[in-house]
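Commentary on secondary and tertiary structure
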Amino acid sequence: MTARRLDGKALAATIRGELAARVAARTAAGKPAPGLAVVLVGDNPASLSYVRAKQKACGEVGIVSRLDHLPAATKQAKLLALIAKLNADPAIHGILVQLPLPPQIAEDAVVHAIGSLKDVDAFHPENVGLLTLGQPRYSPCTPHGCIQLLRRCGHDPAGKHVVVVGRSNIVGKPLAVMLMQKPTAANPAGGDATVTVAHSRTTNLAKVCRQADVLIAAVGKAGVITADMVRPGAAVLDVGTNLVDGKLVGDVDPAVAAVAGALSPVPGGVGPMTIAMLLENTVRAAELIDGPVSR
Ligand code: GUN
């Protein structure tokens, strides 16, 4: 079997087109364009490239973006003061502080400081709570991108056994929550799936993975998901973004393509979908803060 390619790059372009129309309708109705503030501390090369990609995508849909690029030695108080300024700025609807942060800055303090209405990453405890209750204000970008990629490529997770490998606060944990939820009008992304979360202490990981109709790798280790861990015909999403000898590679070994029924590539799979979901959250933030366009 050669796996069908789950083309996140193409799907993200379609979604950007849909969002551009939503933004154009707002500006035509006299509303200000949505504004996203991106904050980067230091010069991590991967973070720099993600931030550039996010800003480019904003430009394509009519979201106004600004970048505050602070030196690696920036003190936490200085970053918190910038966040307070962005919280109070009416032209800014979404605030994203790129992670990871340098060691002198506590990630928690930063996540808590971003106003919950402007928290387009959906990392703030209030937004995590709302998501967990099935009443999301914003859906976290990478998990939402995974669910959209599956659904819009004909692999609806409803009723399926999904195995998520990884339990991070950014991907594995919120993804498992979203996948298990019932879809409702207030929570259309709910996956209606049966979910298993595997992690570094899971006994016989290969056996657990082989039970998956849909296998999602969000570990952060190049090539850890090998062909023997995949049931023939399963759909596999690769959330890994690992730099190996300067090349971006996923968590899934390339030999999996011979076994899986469908596979998302790295790059060009989940990554562009994450950015598309960030844009969607920023448009939603503008709607929540400045009001929707009346029809
Ligand atoms: N670093 C890696 N992924 C993310 C993300 O989704 N949001 C932010 N802010 N930082 C990240």
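Residues numbered from 1 in each chain as written. Predicted model: local features only at pLDDT ≥ 70, side-chain atom pairs only at ≥ 80, totals over all residues. Heavy atoms only, no water.

Regarding the environment of glycine 246
Rules: Each helix is a run of H or I in the DSSP string that is no shorter than four residues. Each strand is a run of E no shorter than two, and both are numbered from the N terminus.
Looking at where glycine 246 falls in the secondary structure, it is placed in the loop between strand E9 (242–244) and strand E10 (247–249). As a C-alpha pair, glycine 246 and proline 45 span 201 residues in sequence and 10.0 Å in three-dimensional space.

Some words on helix H3 (residues 76–87)
Rules: A helix is expected to span 1.5 Å multiplied by its residue count minus one. Partly exposed residues are those whose accessible area sits between 20% and 50% of the maximum for their type, while under 20% is buried and over 50% is exposed, using a 1.4 Å probe and protein chains only. An arc is given here, and it is the one of the directions from the helix axis to the C-beta atoms. Here, residues are in contact when the closest pair of their heavy atoms is within 4.5 Å.
For H3, with 12 residues, the first-to-last C-alpha span of 16 Å sits near the 16 Å given by 1.5 Å per residue. Of the positions making up H3, those classed as buried are Leu79, Leu82, Ile83 and Leu86. Taken end-on, H3 shows its buried residues confined to a sector of 100°, consistent with a single buried face. With respect to the buried face of H3, the exposed residues turned more than 90 degrees away are Ala77 and Lys85. The inward-facing, buried residues of H3 contact strand E2 (35–41), strand E3 (64–70), strand E4 (94–97) and helix H4 (107–113).

Here we look at the state of the cysteines
Put simply, the test is: Two cysteine sulfurs form what is called a disulfide whenever their separation falls within 2.5 Å.
Inspection of every chain in the model, using the stated rule, returns zero disulfides. Here cysteine 58 stays free of any disulfide, with the sulfur of cysteine 141 as its closest cysteine sulfur at 11 Å.

Section: the sheet that holds E4
Spelled out, the test is: By this definition, two strands are paired if DSSP reports at least two bridges between them. With axes taken as lines fitted to C-alpha atoms, and helix axes fitted only over the stretch in contact, angles between N-to-C directions fall between 0 and 180 degrees.
Strand order in the open sheet made by the three strands is E3-E2-E4, with parallel pairing throughout. The sheet is open, and its two edges are formed by E3 and E4, each paired on a single side. The mean inter-strand angle of the sheet, taken between neighbouring strand axes irrespective of direction, is 15°. Summarising the sheet, E2 and E4 pair through four bridges and their orientation is parallel. If you follow alanine 37 over to E4, its bridge partner there is isoleucine 95.

Some words on the pattern of salt bridges
If the charged atoms of two oppositely charged side chains come close together, the side chains can form a pair. For clarity, the cut-off: Salt-bridge detection follows one rule: a side-chain nitrogen of Lys or Arg within 4 Å of a carboxyl oxygen of Asp or Glu.
Summed over all chains, the structure comprises eight salt bridges. In this structure, glutamate 287 engages arginine 22 in a salt bridge whose closest nitrogen and oxygen atoms are separated by 3.3 Å. Note that glutamate 287 is positioned in helix H9 (residues 270–290) and arginine 22 in helix H1 (residues 8–28), a separation of 265 residues in sequence. Between arginine 151 and aspartate 156 there is a salt bridge, with its nearest N and O atoms 3.7 Å apart. The partly exposed category is assigned to arginine 151, whose relative accessible area is 24%. According to the relative accessible area criterion, aspartate 156 is partly exposed, its value standing at 36%. Residues joined by salt bridges that share partners form a network here, namely Arg16, Lys56 and Glu60.

Considering the environment of threonine 203
Note on placement: threonine 203 falls in the loop between strand E6 (194–198) and helix H8 (205–210). For the pair threonine 203 and proline 265, spaced 62 residues apart in sequence, the C-alpha to C-alpha distance is 27 Å.

What about the site of the ligand?
The condition is simple: Nearness is judged by heavy atoms alone; a residue qualifies as near a molecule or strand once a single heavy atom is within 4 Å of it. Each polar contact in these results corresponds to two N or O atoms within 3.5 Å; when the atoms are within protein, one needs to be able to donate a hydrogen and the other to accept it, and residues that are neighboring in sequence are counted only if both atoms are side-chain atoms. The method behind every accessible area is Shrake-Rupley, applied with a 1.4 Å probe, and residues are considered shielded solely by the protein chains displayed. When residues are grouped by polarity, Ala, Val, Leu, Ile, Met, Phe, Trp, Tyr, Cys and Pro land in nonpolar, Asp, Glu, Lys and Arg in charged, and all others, Gly among them, in polar.
Taken together, the neighbourhood of the ligand is formed by Leu96, Val97, Gln98, Leu99, Asp121 and Phe123. Within the side chain of glutamine 98, one N or O atom sits 3.3 Å away from a nitrogen atom of the ligand. Between the ligand and leucine 99, the relevant distance is 2.9 Å, taken from a nitrogen atom to a main-chain nitrogen or oxygen of the residue. In isolation the ligand offers 280 Å² of accessible surface; the protein chains occlude 81% of this area. Class assignment for the residues of the shell around the ligand results in four nonpolar, one polar and one charged.

Details of the sheet that holds strand E8 (residues 235–238)
An order of E1-E11-E8-E7-E5-E6 is seen for the six strands of this open sheet, with the pairing classed as parallel. Strand pairing shows two members of the sheet lacking a second neighbour, strand E1 (4–5) and E6, which therefore form its edges. Pairing of strand E5 (residues 161–165) with E6 involves five bridges; the strand directions are parallel. Counterpart to valine 164 in the pairing with E6 is valine 197.

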